[in-house]
Amino acid sequence: MREIMRTNDVVLVSAVGALLDGANIHHLVLDQNMSILEGSLGVIPRRILVHEDDAREARTLLTEAGLAHELRAEEK
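Residues numbered from 1 in each chain as written. Predicted model: local features only at pLDDT ≥ 70, side-chain atom pairs only at ≥ 80, totals over all residues. Heavy atoms only, no water.

K.L.:
Go over the confidence of the model for the protein chain, please, and point to the residues and values.
P.N.:
Summarising the model, the protein chain shows a mean pLDDT of 90, and 88% of its residues fall at 70 or more. Averaged pLDDT values for the elements of the protein chain fall to 60 in helix α2 (residues 35-38) and rise to 97 in helix α3 (residues 55-64). (pLDDT = per-residue confidence, 0-100. Helix = DSSP H or I, 4+ residues; strand = E, 2+ residues; numbered from the N terminus.)

Structure follows, in structure tokens:
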């Protein structure tokens, strides 16, 4: 799995999830339930991961959706 985005914006997490679902790109959102520990302050960012084989397609999709500035730097 490769992390493509990390954000505190739960609306953005939802929008990205919908885009990835629409393109049939399976993904995981990690740290989604950490609000229980942090008291719903939104301090701990949620991480969106996709399968290694889908990372390029996911990055292209999100770039075309105008979200390139939200993407994590590509790992080599």
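K.L.:
Report on helix α1 (residues 10-22), specifying residues and quantitative values.
P.N.:
Between the first and last C-alpha of α1 there are 18 Å, a value that for 13 residues agrees with the 18 Å anticipated at 1.5 Å per step. Of all the residues in α1, the buried ones are Leu12, Val13, Val16, Gly17 and Leu20. The buried residues of α1 occupy an angular sector of 135° when the element is viewed end-on, so they sit on one face. Turned more than 90 degrees away from the buried face of α1, the exposed residues are Val11, Asp21 and Gly22. Lining the buried residues of α1 we find β1 (2-7), β2 (27-30), β3 (46-50) and α3. At the N-terminal boundary of α1, the capping side chain belongs to aspartate 9, with an oxygen 3.0 Å from the backbone nitrogen of valine 11. (Expected span 1.5 Å × (residues − 1). Buried < 20%, exposed > 50% of the residue type's maximum accessible area, 1.4 Å probe, protein only. Arc of directions from axis to C-beta. Contact = heavy atoms within 4.5 Å. Polar contact = N/O pair within 3.5 Å; in protein donor to acceptor, adjacent residues only side chain to side chain.)

K.L.:
Pulling in residues and values, what's your account of the environment of valine 16?
P.N.:
Its location among the elements puts valine 16 in helix α1. Under the relative-accessibility criterion, valine 16 is labelled buried at 0%. Remark: the alpha-carbon pair of valine 16 and methionine 5, spanning 11 residues in sequence, is separated by 9.2 Å.

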